[in-house]
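The primary structure of each chain is shown beneath.
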Amino acid sequence: MILFKLMGFFDILAGSMIILTIGDIPFRLVLGHSLYLMLKGYIFRGDLLSLIDAGIGIYGVFAIFLPISFISILAGTYLAIKGVYSLL
């Protein structure tokens, strides 16, 4: 149960990092959270939502170099809502 809530908290952090790629954020923060999302997507690969997480993680790596505002806000909001739902 605590691992479930911890992953929800990390989803909220990852969502905020994806949104902050629009501005100027350190490379390592976004890369670390993107790798977390890709690893989580690989571990839980039978689930559709985990596949979406892995896709957002891949986008996060690309967003370090070329962020697209709309996709960043959409992906970050999805992760934040999913993380809040996990914490409830």
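Scope of this entry: the structure provided in the associated data block. Note that the coordinates shown come from a computational prediction; the quantities given were computed from them, not determined experimentally. (Residues numbered from 1 in each chain as written. Predicted model: local features only at pLDDT ≥ 70, side-chain atom pairs only at ≥ 80, totals over all residues. Heavy atoms only, no water.)

Take the overall build of the protein chain next. Within the protein chain, the secondary structure is distributed over four helices and zero strands. Secondary structure elements in the protein chain, listed N-terminal to C-terminal, are α-α-α-α. Expected size for 88 residues packed as a compact globule is a radius of gyration near 12 Å; at 12 Å, the protein chain falls within 12% of this value. Projecting the C-alpha coordinates of the protein chain onto the three principal axes gives extents of approximately 35 × 25 × 20 Å. Scored against the burial criterion, the 88 residues of the protein chain give a buried share of 34%. Put simply, 66% of the contacts in the protein chain that link residues at least 6 apart link residues at least 24 apart. (Helix = DSSP H or I, 4+ residues; strand = E, 2+ residues; numbered from the N terminus. Rg over C-alpha atoms; globule rule 2.2 N^0.38 Å. Buried < 20%, exposed > 50% of the residue type's maximum accessible area, 1.4 Å probe, protein only. Contact = heavy atoms within 4.5 Å.)

The analysis is restricted to geometry; functional conclusions fall outside its scope.
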